[in-house]
Amino acid sequence: MWPETFAHIPNTDIIIEKGTPIYISLYGLGVDSRFWDEPEIYNPDRFAESNHITDAYIPFGIGPRMCIAMKVGQLHAKIVLALLLRDYEIWQTKDNESFLNPRSTFTAARNGIYLQFRKIVQMT
Ligand code: HEM
């Protein structure tokens, strides 16, 4: 047995000190082939309304303490993207490709994000 101040994680042989913060790796969940077909492929259509999305997709957390502002966050992201894409072409050159940081708790680039912008000129 272990001292009172330690806890056993059920169904594992892992024992940790009580109160130890635990962070779930979103990157780890996102590249786990138990939850996603071809996780290494960039495929936004996974999130099409007709598709079932796995419970492993938890960018806003899950359960009673999940983000209270999920809808606001998603709406904000859509508005910013729509405003940018209305006025700019945006791309990344091959030599400036971004790679995910597998050690980050959040989805983050390990080498920065370098983008090219070209203003779209509207012909009136
Ligand atoms: C894209 C934007 C956002 C993302 C990805 C995000 C993600 C998260 C995550 C992962 C959690 C922790 C959930 C958990 O512990 O299981 C959280 C909690 C929380 N978020 Fe957000 N969030 C975003 C935007 C916002 C905004 C805009 C607000 C407020 C206006 C907000 C307010 C909160 C609050 C108050 C909590 C704590 C909820 C609680 O502990 O009961 N979030 N968020």
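Residues numbered from 1 in each chain as written. Predicted model: local features only at pLDDT ≥ 70, side-chain atom pairs only at ≥ 80, totals over all residues. Heavy atoms only, no water.

J.: For this particular structure, what's the right way to read the site of the ligand?
T.: Taken together, the residues surrounding the ligand are Pro 59, Phe 60, Gly 61, Ile 62, Arg 65, Met 66, Cys 67, Ile 68 and Ala 69. A distance of 2.7 Å is found between an oxygen atom of the ligand and a side-chain nitrogen or oxygen belonging to Arg 65. Looking at the shell around the ligand, its residues break down into seven nonpolar, one polar and one charged. (Near = heavy atom within 4 Å. Polar contact = N/O pair within 3.5 Å; in protein donor to acceptor, adjacent residues only side chain to side chain. Nonpolar A, V, L, I, M, F, W, Y, C, P; charged D, E, K, R; others polar.)

J.: Which parts of the structure should I look at to understand the coordination of the iron atom of the ligand?
T.: Each donor-metal-donor angle in an ideal tetrahedron of four donors is 109.5 degrees, and each such angle in an ideal octahedron of six donors is either 90 or 180 degrees. One donor from the polypeptide reaches the iron atom of the ligand: Cys 67 (SG), at 2.3 Å. Mapped onto the elements, Cys 67 comes out in the loop between α1 (26-30) and α2 (70-87). (Donors = N, O, S within 2.8 Å, 3.2 Å for Na, K, Ca; no water. Helix = DSSP H or I, 4+ residues; strand = E, 2+ residues; numbered from the N terminus.)

J.: How do you make sense of the side chain of Asp 32 when you look at a structure like this?
T.: With respect to the element layout, Asp 32 can be found in the loop between α1 and α2. A distance of 2.7 Å separates the side chain of Asp 32 from the side chain of Arg 34, its partner in a polar contact.

J.: For this particular structure, what's the right way to read the confidence of the model for the protein?
T.: When pLDDT is low, close inspection of the predicted coordinates is not appropriate. For the protein, the average pLDDT comes to 91, and 100% of its residues sit at 70 or higher. α1 is the least confidently modelled element of the protein, averaging 86 in pLDDT, while strand β3 (residues 88-91) averages 98, the highest of any element. (pLDDT = per-residue confidence, 0-100.)

J.: Even after reading the chapter, I still don't get the pattern of salt bridges, so can you show me in this structure?
T.: Side chains that differ in charge, positive against negative, can pair when their charged atoms come close. One pass over the full model with this rule turns up four salt bridges. Arg 86 is the salt-bridge partner of Asp 87, the closest N and O atoms lying 3.2 Å from each other. (Salt bridge = Lys/Arg side-chain N within 4 Å of Asp/Glu carboxyl O.)

J.: Even after reading the chapter, I still don't get a nonpolar patch on the surface, so can you show me in this structure?
T.: A cluster of nonpolar residues, Val 80, Leu 81, Leu 84, Leu 85, Ile 90, Ile 113, Leu 115 and Phe 117, forms a patch on the protein surface that exposes about 700 Å² of accessible area. Top contributing element to the nonpolar patch by residue count: α2, with four residues. As for its placement among the helices and strands, Leu 81 is situated in helix α2. (Patch = residues over 30% accessible without salt bridge, like charges linked within 9 Å, V, L, I, M, F, W, Y side chains within 5 Å. Areas by Shrake-Rupley, 256 points an atom, 1.4 Å probe, with all protein chains shown as cover.)

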